Amino acid sequence: MIKINEILRINCTGCGACQAKCPVQCITMVPDSEGFLNPSINDSECILCGKCLKICPFHNNVVKKFPIRVIGAQRLGELVVDSSSGGIGALIAEKIILNKGIVYGCILNDKFEAVHIRIADTHKLDMIKGSKYVQSDLSQIYESLKKDCESNRLVAFFGTPCQIAGVKNYLEKEYDNFICVDLICHGVPSPNLFKKYISYLEKCKKAESINTYKFRDKSVYGWNTAYTYTYTCNGKVYLKNGYSTEDPYYEAFIYAETYRESCYVCNYATEERVGDITIGDFWGVLRFYPDLESMASQGISAVLINTCKGNQVISELWDNIFAFDSDLKKVEYRNGNLVVPATRPGIRDVIYKNIDKYGIEWLNNRMRRKKRFYINRLKNGIPVQIKAYIKRKLGRY
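Rules used throughout
- Residues numbered from 1 in each chain as written.
- Predicted model: local features only at pLDDT ≥ 70, side-chain atom pairs only at ≥ 80, totals over all residues.
- Heavy atoms only, no water.
- Buried < 20%, exposed > 50% of the residue type's maximum accessible area, 1.4 Å probe, protein only.
- Helix = DSSP H or I, 4+ residues; strand = E, 2+ residues; numbered from the N terminus.
- Arc of directions from axis to C-beta.
- Contact = heavy atoms within 4.5 Å.
- Pairing = 2+ DSSP bridges.
- Phe/Tyr/Trp six-rings, centres within 6.5 Å; stacked < 30°, edge-to-face > 60°.
- Lys NZ or Arg CZ within 6 Å of the ring centre and 35° of its normal.
- Salt bridge = Lys/Arg side-chain N within 4 Å of Asp/Glu carboxyl O.

A word on helix H13 (residues 351–358)
Here comes step 1: For H13, the set of buried residues is Ile351, Tyr352, Asn354 and Ile355. For H13, the angular spread of buried residues about the axis comes to 160°, placing them on one side. In this structure, H13 carries Lys353 and Lys357 as exposed residues pointing more than 90 degrees from its buried face.
Here comes step 2: The secondary structure elements touched by the buried residues of H13 are helix H6 (191–205) and helix H14 (360–368).
Here comes step 3: Within two residues after H13, glycine 359 carries a phi angle of roughly 85°, on the positive side.

What to know about the pairing of strand S10 (residues 236–243)
Here comes step 1: In this structure, strand S9 (residues 226–233) lies alongside S10, joined through eight bridges in antiparallel fashion. In the sheet register, threonine 228 faces S10, and the bridge partner there is asparagine 241.
Here comes step 2: With antiparallel pairing between neighbouring strands as the criterion, S9 and S10 make up a hairpin whose turn holds two residues, including asparagine 234 at a positive phi of roughly 55°.

Some remarks on the packing of aromatic side chains
Here comes step 1: Under the criterion given, the structure shown has 31 aromatic pairs.
Here comes step 2: Relative to tyrosine 213, the ring of tyrosine 197 has its centre 5.7 Å away and its plane inclined at 80°; by these criteria the two rings are edge-to-face. Within this pair, whereas tyrosine 197 is found in helix H6, its partner tyrosine 213 is found in strand S8 (residues 209–214), the two being separated by 16 residues in sequence. Tyrosine 213 shares its class with tyrosine 197; the two are buried.
Here comes step 3: Seen in terms of ring centroids, tyrosine 213 and phenylalanine 215 are 4.9 Å apart; in terms of plane orientation they differ by 65°. Their pairing is edge-to-face.
Here comes step 4: What makes phenylalanine 215 buried here is its relative accessible area of 1%.
Here comes step 5: Positioned above the aromatic ring of tyrosine 170, the side-chain terminus of lysine 21 is 4.7 Å from the ring centre.
Here comes step 6: Between the NZ or CZ atom of arginine 372 and the centre of the ring of tyrosine 255, over which it lies, the distance is 3.5 Å.

Points about the pattern of salt bridges
Note that side chains of opposite charge can pair when their charged atoms are close.
Here comes step 1: Under the criterion given, the structure shown has 26 salt bridges.
Here comes step 2: Lysine 370 is the partner of glutamate 257 in a salt bridge, and the nearest nitrogen-oxygen pair spans 3.7 Å. Here lysine 370 lies in the loop between H14 and helix H15 (371–380) and glutamate 257 lies in the loop between helix H8 (248–254) and strand S11 (277–281), a separation of 113 residues in the sequence.
Here comes step 3: Given the relative accessible area of 16%, lysine 370 is considered buried.
Here comes step 4: Note that arginine 344 is salt-bridged to aspartate 349, the shortest N-O span being 2.7 Å.
Here comes step 5: Residue arginine 344 is classed as partly exposed on the basis of its relative accessible area, which comes to 33%.
Here comes step 6: Overall, the relative accessible area of 47% leaves aspartate 349 in the partly exposed class.
Here comes step 7: Counted as one network, the salt bridges with shared partners bring together Glu34, Glu261, Arg344, Arg348 and Asp349.

Structural notes on the pairing of strand S5 (residues 114–119)
Here comes step 1: For S5, the tally of buried residues reaches five of six residues, placing the bulk of the element in the interior.
Here comes step 2: The pairing of strand S4 (residues 102–108) with S5 spans six bridges and is classified as antiparallel. When the bridges of S5 are listed, tyrosine 104 appears paired with arginine 118.
Here comes step 3: If you look at the hairpin formed by S4 and S5, you'll find five residues sitting between the two strands, and phenylalanine 112 has a positive phi there, around 60°.

Following this line, the structure appears as structure tokens:
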């Protein structure tokens, strides 16, 4: 009988459902040489029950559904500034909590670890706002998630499609009070790589500590892939921001160079979705709706409504959002991962080994040797308003 740790590395998404389901707790999720979590079995305690394989998404695919409606949307009011795109995910979570429900989402904790947590009050909702471009750990939420689903409270889970597949298989049944919101996902770098990156930033800035990190910040460049972090140096707190294409960790993410191996063969990079709702950036929206230019500076979300439950949730937001009907092909124009997984680049063979050997400095030096770095730097130097004008005239949104 095959064991869960014998699944090929390329097929394991690291969801951790097997560890959570094991009745004798003989499965542990341990980091591999690149820092990605994979299951390890204590053979002396394994009772060969097969429950781990039964709920593994690779062995048992979850049902996927084609969207019944596609909309573009933006939350009304100033709070949209705090979200990565149109603020729809944050609004869904807020509505769930206000209806005395429970929300599960990803945060960056004080150790800069991406972990999923349980949220039962609105005061903590800011923690799950915004994108986190690193794989999160679900290990602490499975048990409480099942208990919440078995209650009469509304429960919402936000995560990547592969995480939702793991969660659904772990639960082993459909719950009418359970809402899944999956993200348009490109792929995930390893947690260990992100920790090395934070240490690299501390070294570069000669900082006592990095205090906060946001992968997406609209405060300077508007709706873009621009980052912000704060750090302490000589007792003073400083703020640093910049473009993704001029940062070694972020640039490698943008060009799909550091993803988990399973991301390149992802079973969920498809139009059919595992969540009740799918959310993401409606990149390229102005190509099809140029009249929305003033709104687009603060981000517009693509929202795929995949089930009747999802439709009910979105309908309850209607008074709090600006929305317009669209279609899947328009969303796919700049969201290729709704059709196919990211292409695995050749550098993926050695990138983690070289980072282990030479540090993030190697990644930074490599980035700066590439022609695209200087092209992107020139583009980034153009003021946002002028850039928008040029794109509008050329029809290149």
